[in-house]
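Tertiary structure, described
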Amino acid sequence: MAWIDPEVTKKPKKPIFLCVLSNTKTAHIPKLSAAGKTAELTDYTPAGDAELMETGNIISVPVLPMTPPYDTPTPAIMTRSALQLTEVPYHFINSGLIVTPDVPCIDLKAKPGEDIREPVAVRDVQGIYERAKFLAKRLRNQIDHVVIGESIPGGTTTAMGVLNALGYNGNVSSSADENPLGLKKQVVEEGMKASGLTFGCLKDDPMKAIACMGDPMMPAVVGLVAGFQDTEINVVLAGGTQMAAVYAIIKHLSFNTEKLSIATTRYVVEDKSAHFVELTKTLEVPVVYVADPGFGKSSLKGLHRYETGTIKEGAGAGGAMYLAGLFGFTQDEFRSEVENVCKLLKAGQ
């Protein structure tokens, strides 16, 4: 059985992987995000993910991006493994980081996102969008295929907020064993009230939906997609419900979506607490690629936690695995590389 469904066969000649790194103060709400040992430490998660993807370990951040209580390793280990195997070129993009990584980043000059319960969640949405669009136009003559991932703790809650503002029901996923949906819904309701919004009232103004209820990752990814419009470049949004929310924004902006797809993990698709599959069908996403790393066969207990729902996606893991499949690597070869990354990471602690 193919470990990427639908099976991918056509290897691109000049692919690139982009990972947008952002923070939102929404992640500071206790028990909302599991993308860090404490709510405060989520500030370091995107920077730690980037350092891990680049070097195989952390450099400047104080703690590895882990999910409590079992210290399940960040999905960035999957992304690093795929990038190591495929040798696909990649860039990190800083779109509103609180903590910047000690590795090269393209800076979009964005401010970190505020708590969505504030009247303005993202400042300078249009500016972030335009700078990302300009970046994509600079890149597009050099590539034929782009995978765009993200790392932003609290991003599923902001995704829910934007989806509500655009008029979509649907539960978002979580990086925790138990999805705190009740808390997320409460935070979104408070955010909608603070901005004077009602369900679906911004369906014709998706950029305002980002400004009121979103995070700074969103205008960056949307801007990148805008810069690749009207070309033959295939664009893959690497992520779960967060990228479904980004796709919804793109659809409401009336972009051409023929060459746009989403790639995620089996863990997102099988998450019974979320409505990812229903949402992508409602949004009429042309193709959704689903990657299964087969961690149930691994000898490492930390990887087994993925099989039970601890962490599901992040740092573009689903899209990175999609790339590994495009380059002809098998599930066993990929999982072996992930185990090597984990062992080297543990040895370096």
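Overview of the structure. Source: prediction; values computed, not measured.

Description of the pattern of salt bridges
Taken as a whole, this structure holds 11 salt bridges when the rule is applied. Glu232 is the partner of Lys259 in a salt bridge, and the nearest nitrogen-oxygen pair spans 3.6 Å. Of the two residues, Lys259 sits in the loop between α8 (241-252) and β9 (260-265) while Glu232 sits in the loop between α7 (217-227) and β8 (234-238), which places them 27 residues apart along the sequence. The class of Glu232 is exposed, set by a relative accessible area of 64%. Linked by salt bridges that have partners in common, Arg266, Glu270, Asp292 and Glu307 make up one network.

Looking at unusual backbone geometry
Going from Asp5 to Pro6, the amide bond is cis rather than trans, its omega being -5°. Notably, Glu284 is not glycine yet its phi reads approximately 60°, a positive angle. Within the secondary structure, Glu284 is located in the loop between α10 (276-282) and β10 (288-291). For Glu284, a relative accessible area of 58% corresponds to the exposed category. Phi is positive for Ala315, close to 55°, though the residue is something other than glycine. With respect to the helices, strands and loops of the structure, Ala315 is situated in the loop between α11 (301-307) and α12 (317-326).

Focus on α12
A large share of α12 lies buried, amounting to 10 of its 10 residues. Listed in full, the buried residues belonging to α12 are Ala317, Gly318, Gly319, Ala320, Met321, Tyr322, Leu323, Ala324, Gly325 and Leu326.

Thoughts on the environment of Asn169
You can see Asn169 is positioned in the loop between α4 (155-166) and α5 (181-194). The spacing of Asn169 and Glu258 is 89 residues in sequence and 24 Å in space, taken between C-alpha atoms.

Considerations on the packing of α4 against helix α6 (residues 206-213)
At their nearest, the axes of α4 and α6 sit 9 Å apart, and the two run at 140° to each other. Considered as vectors, α4 and α6 are oriented oblique to each other. As for the relative orientation of α4 and α6, their crossing is right-handed in sense. Side by side, α4 and α6 meet where Thr158, Gly161, Val162, Ala165 and Leu166 of the first sit next to Pro206, Ala209, Ile210 and Met213 of the second.

Points about the nonpolar core
In this structure, Val146, Val221, Leu224, Val225, Phe228, Leu237 and Val246 are the most contacted members of the largest nonpolar core, which totals 69 residues. Residues within four places of Val225 in sequence aside, it is in contact with Ile148, Val235, Leu237, Ile250, Phe255 and Leu260. Listed in part, the 43 residues of the second largest apolar core include Ala238, Phe295, Ala320 and Val338.

Focus: the pairing of strand β7 (residues 145-151)
Most of β7 sits out of view: 7 of its 7 residues are buried. Judged by which residues are buried, β7 turns out to be covered on both faces: His145, Val147, Gly149 and Ser151 on one side and Val146, Ile148 and Glu150 on the other are all buried. With 7 bridges joining them, strand β2 (residues 15-21) and β7 adopt parallel strand pairing. Bridge pairing links Val20 to Glu150 in β7.

Details of the packing of aromatic side chains
Following the criterion strictly, the structure yields 5 aromatic pairs and no others. Consider the rings of Tyr267 and Tyr306, whose centres lie 5.9 Å apart with planes at 45°: the pair is tilted. Taken together, the positions of Tyr267 in helix α9 (residues 266-269) and Tyr306 in helix α11 put the pair 39 residues apart, joining distant regions of the chain. Residue Tyr267 is classed as buried on the basis of its relative accessible area of 5%.

What about α4?
Counted at 1.5 Å a residue, the expected span for α4 with its 12 residues is 16 Å, and the 16 Å between its end C-alpha atoms agrees. Burial analysis of α4 places 12 of its 12 residues in the buried class, which makes it a mostly covered element. Of the residues making up α4, those classed as buried are Gly155, Thr156, Thr157, Thr158, Ala159, Met160, Gly161, Val162, Leu163, Asn164, Ala165 and Leu166. Of the surrounding elements, those touching the buried residues of α4 are α5, α6, α7, α8 and α10.

Reading guide: rules and limits
Residues numbered from 1 in each chain as written. Predicted model: local features only at pLDDT ≥ 70, side-chain atom pairs only at ≥ 80, totals over all residues. Heavy atoms only, no water. Salt bridge = Lys/Arg side-chain N within 4 Å of Asp/Glu carboxyl O. Helix = DSSP H or I, 4+ residues; strand = E, 2+ residues; numbered from the N terminus. Buried < 20%, exposed > 50% of the residue type's maximum accessible area, 1.4 Å probe, protein only. Axes fitted to C-alpha atoms, helices over the stretch in contact; angles between N-to-C directions. Parallel < 35°, antiparallel > 145°, perpendicular 65-115°, else oblique. Left-handed = near helix turned anticlockwise from the far one by under 90°. Contact = heavy atoms within 4.5 Å. Core = buried A, V, L, I, M, F, W, Y, C linked by side-chain atoms within 4.5 Å. Pairing = 2+ DSSP bridges. Phe/Tyr/Trp six-rings, centres within 6.5 Å; stacked < 30°, edge-to-face > 60°. Expected span 1.5 Å × (residues − 1).

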